Amino acid sequence: MNRRRVVITGLGVATPIGIGIDAFWDGLLQKRCGIRRVEAFDPSGLPVQIAGELPAFQLGDYIPKSYRKSAKVMARDIMIAVLCAYHAVTDAKLVTKCIIERGEHPGPTNVDSTRFGANIGAGLICADLSELAGALSTAADEQGRFDLRRWGAEGINNLTPLWLLKFLPNMLACHVTIVHDAQAPSNTITCCEASSHLAIGEAYRTIARGDADVCICGGAESKTNPMAMTRPHLFGRVNTSDNDRPERASRPFAADRAGSVLSDGGGLVILEALEHARARGAKIYGEIVGFGAGSSASSWSAPDPSGRAIAIALRKALADAETPADRVDLLAPFGTGTRNYDAAEAAAWNEVFGSRLSEIPAMTTRGAIGVNGAGTGAIDFAATVTALARNTIPPSLNTSNPDPASRFRFVQDDPKDARITHAVTVSYALAGGQTAALVVRKVEE
Amino acid sequence: MERRVVITGMGWVTPLGLDIESVWKRMLAGESGIGPTTLFDASAFPTSFSAQVKDFDLSDFLGADAARHEGASRNSRFALAAAARAWRAAGLDDHAQLDRTRVGVYLGGGEGPLDFFPFAEAALAGCRNERGELMPLDTVRWAETALRVLNQTNELEQDPNLAGGHLAVQFRVEGPNINTLTACAASTQAIGEATRLIQYGDADVMISGGTHSMIHPLGVTGFSRLTALSTRNDTCLTASRPFDRTRDGFVLGEGSGILILEELEHAKRRGARILAEIVGYGSTADAFRITDIHEEGRGAIAAMQRALQSAGMSPKDIDYISAHGTGTEENDKIESLAIRGVFGDRVGLPPYQGGTQGGHVLISSIKSMVGHLIAAAGAVELITCVLAIRDGIVPPTINYSTPDPNCSLDYVPNAARRIPVRACLSNSFGFGGQNDTLAVKAFA
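Since this is a predicted model, take the numbers as computed values, not measurements. (Residues numbered from 1 in each chain as written. Chains lettered and ligands numbered in written order. Predicted model: local features only at pLDDT ≥ 70, side-chain atom pairs only at ≥ 80, totals over all residues.)

Chemist: So what exactly am I meant to see when it comes to the overall build of chain A here?
Modeler: What chain A contains, in helices and strands, is 13 helices and 16 strands. The C-alpha atoms of chain A give 21 Å as radius of gyration, which agrees with the globular expectation for 445 residues (22 Å, within 12%). Oriented by its inertia axes, the alpha-carbon framework of chain A measures out at about 70 × 55 × 40 Å. A separation threshold of at least 6 residues defines the contact pool for chain A, and within that pool the share at least 24 residues apart is 79%. (Helix = DSSP H or I, 4+ residues; strand = E, 2+ residues; numbered from the N terminus. Rg over C-alpha atoms; globule rule 2.2 N^0.38 Å. Contact = placed C-beta atoms within 7 Å.)

Structure (structure tokens):
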């Protein structure tokens, strides 16, 4: 099979420490933490009251004026994706329908819509609780109990007719493809925290085999709402013991890690066929050269302690990249801060990188931004690619007290300059058993 | 050389039954799997009927292993059952040399239902004060009740990738495990992308298809509010009327379709029985509107053309199209227009409407019989394509009585038709303008 080379030409992120790749990167270098007490609603009834909320944003800044009324059918997850898409497209200097209609470029477009695809990871989008609960509460019987017949006969009319469309996971990709006019292969991966890596990997394959020239890919999810903060608590995955010191709550691979910290966020990146990028003189961050995915055969709700499924993804990605482990000079482990998953992940990296693991510089953004579900991996990917392009490794927050079993060499204080040629990033689903890894490398001039 | 991908096993769970051959017979006889909804009390909803799966017990499929999946959602259970049949039919139970890191899962798995009654209890607690009066949501009061009544397993099972997680454990596979949820296009997309993974060399075998049940209070609520469902409560058996002028919406179904996709040489080496070959796949986005399909069927046309092109085929090579054919006004009109746009003079009318017998492409929608399985629809429909190729017979579109001038193709009305079927397209289109088409061909 003819395999085309695929490069990264645009990065768009929304994170609690900054929106847009430059603000986010500055936040990492300055060791900012985006975790604090939740402000969007009163969290005092929940065991966990802290999360990573996004800085305020206006959706209107990222879409054509004519599209503003569509915001009414966008769950927050969708808004985050639309915001990231704008940042990715502008960072890549793509001239899309959105950019022209916003009057930011006279046109014409520099990407053929029929060769422009999308692959966007999404989570289980939570209903707007006040809207749904408010509607349900109208269907109570005389004793104040919920009455299904009243709901079916009348109550349902309290939901707006397009209600369902706000929460379909593929609506992230649908809104993004409409706004930017991307008509080529379009997919929505829903594998929890592994979604972004799987979406980027699939988009890489789509371009490599020639089914598209440009893809916008990654993921986005909002977890800072009452439903999303209650569900993982039921699974015992979130940190409930650090409400009084939020900036220290997310401690990936730490000896005293106490669970993950939820956030809002997303990342969309522009992947592009190398020749297409060169032909339009695009800035090239790096090349994506390896993709590997695996699955846990032991459990859908807990990791195999050996980290086997993660190791499979890492090995496959390295083999796909034809890159031996000893040529890798930056690692980006996932590190959700949970007792069992961090242990399993550390075991996997140990197995694949062996004694060299403690010598290779590593980075994780988890301490600064927590876990937002489907968008987390793309933010990591964007951070990794930026480090590769800038030859700078940012410090990793809350990693100064490592679990002895975790042998990563995280940067603690000032950013570290280092020539980086090959970097590996990984993610896994906190439920379901899916794993994925990606390898990026520098493109020689 | 390009790696070829063949189908070596199939299984399904449908409103017409639970095994391949008996369901296929019922489809060819034009039977309907629709009836009053009994999974919950739907009697007061605008639509009180659906196409439910009946008499389903996971232990009939997994034996003692069913106990491992206690608490699994209806989605996961349907997928496990269909996959167990497909896996056994493919002879993989007995294949000891399988490299399980090269066997994966790619599903169009739906989200599990909200744990509705506990959720409603918490909603009422959060929106009513001590005197029972309505008030704006108080999240503190809500959380108090939610933390008490919501159940860990039921919450976990809502994630759409859980069905894939169950399959990986049941069949001990460690390759790529991916779930797509492109609404009603999901399982067609899953099979297309799984095919690409094998072609590229990322896996040798994929368990692929879809699973979904939205026959639950909020599922029916969502579709009812969109006015997407048929409301023929008094004549529900004949309510699903794709392409008929009297159509008034789709009928919600549920179930799963699973196929074993395998790299040709891998299948040959182990002496597997080859059922058909997947030769083409096209995926596009309308990039038009969230609420409407592109008026000219732009995305649908492009998906069919991409499927044909990647198969190295032209319209004259296709004998049957398994239509998306939901029975909504808009879909059926635009899908017919799109098929006409791609197939040109290869379309025709049925004999009794003045068409010729043979020579043109046949189109039908099995949704007339099993309803719309949403994320699982495409996989079940692809299975019928494989059976149509095998048996040289095309399943009918039932409940067809009144031709619609906007849908003037040969939809194989009411009676199955015998024709040699060399190759088929299977269309699936999702809300928001997601279009996916597969091309499947007799193996030679």
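From this point, things continue past the structure.
Chemist: What am I meant to see in the overall build of chain B here?
Modeler: On a plain count of helices and strands, chain B comes out with 14 helices and 14 strands. A compact globule built from 444 residues should have a C-alpha radius of gyration of about 22 Å, and chain B, at 22 Å, falls within 12% of that. The C-alpha extent of chain B, read off along each of the three principal axes, is 70 × 55 × 40 Å. Each of the 444 residues in chain B was classed as buried or not, and the buried ones make up 66%. For chain B, the share of sequence-separated contacts (at least 6 apart) that also reach a separation of at least 24 residues comes to 78%. (Buried ≥ 20, exposed ≤ 12 C-beta atoms within 10 Å, placed from the backbone.)

Chemist: Even after reading the chapter, I still don't get the interface of chain A and chain B, so can you show me in this structure?
Modeler: Note: interface size is frequently given as the accessible area lost on complex formation between the parts. Facing the 79 residues of chain A at the interface are 84 residues of chain B. Looking at the side of chain A that touches chain B, the elements with two or more residues in it are helix 4 (129-136), helix 5 (148-153), helix 6 (171-180), strand 6 (186-187), helix 7 (195-208), helix 8 (226-234), strand 9 (286-295) and helix 10 (308-320) of chain A. A total of six residues in the side of chain A that touches chain B trace back to one element, the largest contributor, which is helix 4 of chain A. For the side of chain A that touches chain B, a count of residues per class yields 44 nonpolar, 28 polar and seven charged. (Nonpolar A, V, L, I, M, F, W, Y, C, P; charged D, E, K, R; others polar.)

Chemist: What's the story with the packing of helix 11 (residues 298-311) of chain B against helix 12 (residues 329-343) of chain B in this structure? I'm lost.
Modeler: When two helices pack together, you describe them by how their axes are tilted relative to each other and by the distance separating the axes. Residues and elements named next belong to chain B. At their nearest, the axes of helix 11 and helix 12 sit 9 Å apart, and the two run at 45° to each other. When the axis of helix 11 is compared with that of helix 12, the two are oblique. Crossing geometry of helix 11 relative to helix 12 is assigned as right-handed. When helix 11 is examined against helix 12, the residues Ala300, Ile301, Met304 and Gln305 are found in contact with a partner set consisting of Ile334, Glu335, Ala338, Gly341 and Val342. (Axes fitted to C-alpha atoms, helices over the stretch in contact; angles between N-to-C directions. Parallel < 35°, antiparallel > 145°, perpendicular 65-115°, else oblique. Left-handed = near helix turned anticlockwise from the far one by under 90°.)

Chemist: Sorry if this is basic, but what is going on with the pairing of strand 6 (residues 205-213) of chain B here?
Modeler: Within a regular beta strand, the side chains point alternately toward one face of the sheet and then the other, so they alternate between its two faces. Residue and element names in this part refer to chain B. Of all nine residues in strand 6, nine are buried, a share of seventy percent or more. Burial along strand 6 is two-sided: Val205, Ile207, Gly209, Thr211 and Ser213 and Met206, Ser208, Gly210 and His212, pointing in opposite directions, are all buried. Of the strand pairs in this sheet, strand 4 (residues 103-109) and strand 6 are connected by seven bridges, and their pairing is parallel. The residue of strand 6 that forms the bridge with Leu107 is Gly209. Inspection of the sheet shows strand 6 paired to strand 7 (residues 254-263) by nine bridges, in the antiparallel sense. (Pairing = 2+ DSSP bridges.)

Chemist: Teacher, can you tell me more about the sheet that holds strand 4 of chain B here?
Modeler: Sheets are built from strands paired through backbone hydrogen bonds, the pairs being either parallel or antiparallel. All names here are of chain B. Taken in spatial order, the 10 strands of this open sheet run 5-4-6-7-1-8-14-13-9-10, and their pairing is mixed. Sheet topology places strand 5 (177-179) and strand 10 (362-364) at the edges, where each strand pairs with a single neighbour. Taking each pair of neighbouring strands and ignoring which way they run, the sheet shows an average axis angle of 25°. Across the sheet, helix 8 (residues 186-200) is in contact with strand 1 (5-13), strand 4, strand 6, strand 7, strand 8 (276-285), strand 13 (423-430) and strand 14 (434-441); its angle to strand 6 comes to roughly 170°. The strands that helix 11 touches are strand 8, strand 13 and strand 14; relative to strand 8, the one it contacts most, it runs at about 145°.

Chemist: Please clarify how the confidence of the model for chain B should be interpreted in this entry.
Modeler: Interpretation of this model should avoid reading the predicted coordinates in detail wherever pLDDT is low. Chain-level pLDDT for chain B is 96 on average; 100% of the residues reach the 70-or-more range. Overall fold confidence (pTM) sits at 0.98, and the ipTM for the predicted complex is 0.98. (pLDDT = per-residue confidence, 0-100.)

Chemist: Could you clarify how one ought to interpret the pairing of strand 15 (residues 422-428) of chain A in this entry?
Modeler: All names here are of chain A. Extensive coverage of strand 15 is indicated by the burial of seven of its seven residues. Here strand 15 shows no split at all, with His422, Val424, Val426 and Tyr428 on one side and Ala423, Thr425 and Ser427 on the other all buried. Note: strand 10 (residues 330-332) against strand 15, three bridges, orientation parallel. Paired with Ala332 across the strands is Thr425, a residue of strand 15. Where strand 15 folds back on strand 16 (residues 434-441), the antiparallel hairpin that results is connected by five residues, among which Gly432 adopts a positive phi of roughly 120°.

Chemist: Any chance you could explain unusual backbone geometry here in plain terms?
Modeler: As a rule of thumb, non-glycine residues mostly have phi less than zero, and peptide bonds are mostly trans rather than cis. The peptide bond linking Gly107 of chain A to Pro108 of chain A adopts the cis configuration, its omega dihedral lying at 0°. The phi angle at Ala183 of chain B is positive, at roughly 50°, despite the residue not being glycine.

Chemist: Can you walk me through the environment of Ser208 of chain B in this structure?
Modeler: By the element assignment, Ser208 of chain B lies in strand 6. In the structure, Ser208 of chain B is positioned 94 residues away from Ala302 of chain B in sequence and 24 Å away in space, judged by C-alpha atoms.

Chemist: Even after reading the chapter, I still don't get helix 4 (residues 116-127) of chain B, so can you show me in this structure?
Modeler: Since one α-helical turn is 3.6 residues long, residues separated by three or four positions face the same way. The terminal C-alpha atoms of helix 4 of chain B lie 16 Å apart, and with 12 residues this matches the ideal 16 Å at 1.5 Å per residue to within 8%. Phe119, Ala120, Ala122, Ala123, Leu124, Ala125, Gly126 and Cys127 of chain B are the residues of helix 4 of chain B that are buried. Elements in contact with the buried residues of helix 4 of chain B: helix 4 of chain A together with helix 5 (139-149) of chain B. (Expected span 1.5 Å × (residues − 1).)

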